[in-house]
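Inside the fold
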Amino acid sequence: MRVDPKDGVCRSCKGELEIIDADDATMTVETDAFGDGCVIYYVGFMAQQMEAANDEP
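Quick notes on the rules
- Residues numbered from 1 in each chain as written.
- Predicted model: local features only at pLDDT ≥ 70, side-chain atom pairs only at ≥ 80, totals over all residues.
- Heavy atoms only, no water.
- Helix = DSSP H or I, 4+ residues; strand = E, 2+ residues; numbered from the N terminus.
- Rg over C-alpha atoms; globule rule 2.2 N^0.38 Å.
- Contact = heavy atoms within 4.5 Å.
- Areas by Shrake-Rupley, 256 points an atom, 1.4 Å probe, with all protein chains shown as cover.
- Pairing = 2+ DSSP bridges.

Examining the overall build of the protein chain
Looking only at helices and strands, one finds one helix and two strands in the protein chain. N-terminal to C-terminal, the α/β element order of the protein chain is β-β-α. Its C-alpha atoms give the protein chain a radius of gyration of 15 Å, more than 25% over the compact-globule value 10 Å for 57 residues. With respect to the three principal axes, the spread of C-alpha positions in the protein chain is 45 × 25 × 20 Å. Considering only contacts in the protein chain between residues 6 or more positions apart, those separated by 24 or more positions represent 5%. When the accessible surface of the protein chain is totalled, it reaches about 4900 Å², and 55% of it is carbon and sulfur.

Focus on the pairing of strand β2 (residues 27–32)
The pairing of strand β1 (residues 16–22) with β2 spans six bridges and is antiparallel. Considered in β2, the bridge of E18 is made with E30. A loop of four residues connects β1 with β2, the two strands running antiparallel in sequence.

Here it is, written out as structure tokens:
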């Protein structure tokens, strides 16, 4: 669930936050530092990870 930027952003990079887990005492968030909804960099990063895994003996 995305956090509305007027309610809060990452303190260090000012990126958007997404709630990825919660319990009765805490919430865990991850940040979208690039503001692209993970569309541009995530796919390329994951492709690199898969290629690196295939290159290992």
